[in-house]
Amino acid sequence: MSFDLALPSLYKEKWREAYRADDDDSPRLSSYQPPEGSPIPFIYENLEFSGGQSNDTAEYPFFGLWSNEPLNHKVQSITVYGFLRGEYYLQQRVAFLSALMIPTSDDSPGFFDHPLWGRFKVVVDDYRISEAADENGQCKISLTLKRAGVSLDTRAAVLSPQDFTKPEAVALIAVEQFAAEEANTMTLLQAFGFIKCQLLNILGRIQAAAGVLTTMTNEVTGIANLIAQGVQTPILLLASLRK
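Every value quoted in this text rests on a predicted model; they were computed, and no experiment measured them. (Residues numbered from 1 in each chain as written. Predicted model: local features only at pLDDT ≥ 70, side-chain atom pairs only at ≥ 80, totals over all residues. Heavy atoms only, no water.)

## A look at the overall build of the chain
- Within the chain, the regular secondary structure consists of 7 helices and 8 strands.
- Counting over 243 residues, the chain shows a buried share of 29%.
- For the chain, the accessible surface area stands at approximately 15900 Å², while carbon and sulfur atoms represent 56% of it. (Helix = DSSP H or I, 4+ residues; strand = E, 2+ residues; numbered from the N terminus. Buried < 20%, exposed > 50% of the residue type's maximum accessible area, 1.4 Å probe, protein only. Areas by Shrake-Rupley, 256 points an atom, 1.4 Å probe, with all protein chains shown as cover.)

Now the structure itself:
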């Protein structure tokens, strides 16, 4: 199952209209909405949107440059800063925190809405509220939200019950379970990368003929690449096991 990385639709192409559809309208505020709850508006200050690509980078001795192998998209995160402000901001603060305490997941996400970015499905990662004695009547807020993805249950639901008897379905479920352990996978890759670097450093100190050193270096790199392939490409690994 593919995941759509496209950003939400914009409210308006022009930023002034996005903030205020009509001159007589109130400015559109940012808000966070918990699952099955009502939006809690807040005053927006600034926002950071982060993403990227996870890569396995291999470095080689004797100025052999380096190689990058793409693993996956990094989780897209939104960090937003703002304020709750006004005579009754204390009640707003309680309502805001109560909304953030409601559990979120890929199948039951919250919603972050911003005039210039649109409406995101999100999973709450971190939230902070700070107050200062010389700034009465308001509190600062910061939210770190991850874009909602696709849960394992949702992926499995795509398959009909009779499909679960097929080898292809079993392989797909196994791959999804493997992919769910992304943190463990990255730990394995880092450990294997550390071992490879240590072996190559040792080779760099060995005094031997150039041909011998080249052969030893190729052997170390070949073993590391086989390990990395087994960890990084579960589909190929499972396909080989099914043969």
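## A word on the sheet that holds strand β8 (residues 138–147)
- Strand order in this closed barrel of 6 strands is β1-β2-β5-β8-β7-β6, and the pairing throughout is antiparallel. Each adjacent strand pair in this sheet contributes to an overall mean axis angle of 45°, direction not counted.
- Across 3 bridges, strand β1 (residues 30–33) lies against strand β2 (residues 40–50) in antiparallel orientation. Counterpart to S30 in the pairing with β2 is F42. (Pairing = 2+ DSSP bridges. Axes fitted to C-alpha atoms, helices over the stretch in contact; angles between N-to-C directions.)

## Notes on the pattern of salt bridges
- Summed over the entire model, instances satisfying the criterion amount to 3 salt bridges.
- For the salt bridge of R93 with E131, the shortest nitrogen-to-oxygen distance reads 2.8 Å. Highlighted residues: R93 in helix α2 (residues 89–100) and E131 in the loop between β7 (118–130) and β8, separated in sequence by 38 residues.
- Taking the relative accessible area as the measure of exposure, R93 reaches 23% and is therefore partly exposed.
- The partly exposed category is assigned to E131, whose relative accessible area is 44%.
- D126 serves as the salt-bridge partner of R128, at 3.2 Å between the closest nitrogen and oxygen.
- By relative accessible area, which is 56% here, R128 ends up exposed. (Salt bridge = Lys/Arg side-chain N within 4 Å of Asp/Glu carboxyl O.)

## Details of unusual backbone geometry
- Positive phi, normally seen in glycine, also occurs at F62, with a value near 60°.
- In the Ramachandran plot, L65 falls in the positive-phi region, its phi being about 60° despite a non-glycine side chain.
- Turning to its location among the elements, L65 is positioned in the loop between β3 (53–59) and β4 (66–73).

## Examining the side chain of T79
- Examined against the element boundaries, T79 turns out to sit in strand β5 (residues 77–85).
- Setting aside residues no more than four positions away along its own chain, T79 makes contact with N46, L47, E48, L143 and T144. (Contact = heavy atoms within 4.5 Å.)

## As for the packing of aromatic side chains
- One pass over the full model with this rule turns up 5 aromatic pairs.
- A centroid spacing of 5.7 Å and a plane angle of 70° characterise the contact between F42 and F96, whose relative ring orientation is edge-to-face. One end of the pair, F42, is in strand β2; the other, F96, is in helix α2, and 54 residues separate them in sequence. Neither residue differs from the other here; F42 and F96 are each classed as buried.
- With a centroid separation of 6.4 Å and an interplanar angle of 45°, the aromatic rings of W117 and F120 are classed as tilted. (Phe/Tyr/Trp six-rings, centres within 6.5 Å; stacked < 30°, edge-to-face > 60°.)

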